[in-house]
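Chain by chain, the residues run as shown.
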Amino acid sequence: MAERSLRGTNLSWLSFESDEGVTFSERTITRYTCPEGHVSELPFSVEADVPSVWECRCGLEAKLNDGPEQESKATKHQRTHWDMLLERRSVPELEELLEERLSLLREKRGEKPARRRSA
């Protein structure tokens, strides 16, 4: 019954607060343009730090009109497993380990050991 008692009261969307005594900050309209030519106009407070890049509705990055260029961040080279392995061992050591592991696998399978190639 409690669900029926709230019917028609507009409690879900009606606010009883008023705008009395509220002072809004001063706004400025900022324009961004994406590579597709879409222009986005957004209001920002004059006290706010305006971003130099904004995501456009098409998903691309829109740049601030008449604004400073975005600073490019230095990207760090991503180390791969191979890079980390080479930090610990040399290539001849790795080849020797590989040969050892392959011979163990061949023994478990019952295969004949492979001949070592002489370089």
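Cut-off values and rules
Residues numbered from 1 in each chain as written. Predicted model: local features only at pLDDT ≥ 70, side-chain atom pairs only at ≥ 80, totals over all residues. Heavy atoms only, no water. Phe/Tyr/Trp six-rings, centres within 6.5 Å; stacked < 30°, edge-to-face > 60°. Helix = DSSP H or I, 4+ residues; strand = E, 2+ residues; numbered from the N terminus. Salt bridge = Lys/Arg side-chain N within 4 Å of Asp/Glu carboxyl O. Buried < 20%, exposed > 50% of the residue type's maximum accessible area, 1.4 Å probe, protein only.

**With respect to the packing of aromatic side chains**
Okay, so step 1: This model, assessed by the stated rule, comprises two aromatic pairs.
Okay, so step 2: On the basis of an interplanar angle of 85 degrees and a centroid distance of 5.8 Å, the ring pair of Phe44 and Trp54 is categorised as edge-to-face. On the criterion of sequence distance, the pair formed by Phe44 in strand 2 (residues 39–45) and Trp54 in strand 3 (residues 53–55) is long-range, its members being 10 residues apart.

**Things to note about the pattern of salt bridges**
Okay, so step 1: Summed over the entire model, instances satisfying the criterion amount to two salt bridges.
Okay, so step 2: Residue Glu41 is joined to Arg31 by a salt bridge in which the shortest nitrogen-to-oxygen separation is 2.8 Å. With a gap of 10 residues between them, Glu41 in strand 2 and Arg31 in strand 1 (residues 27–33) connect regions that are remote in the sequence.
Okay, so step 3: Since its relative accessible area comes to 39%, Arg31 is described here as partly exposed.
Okay, so step 4: Salt-bridge contacts for Glu87 lead to Arg79; the nearest nitrogen and oxygen are separated by 3.7 Å.

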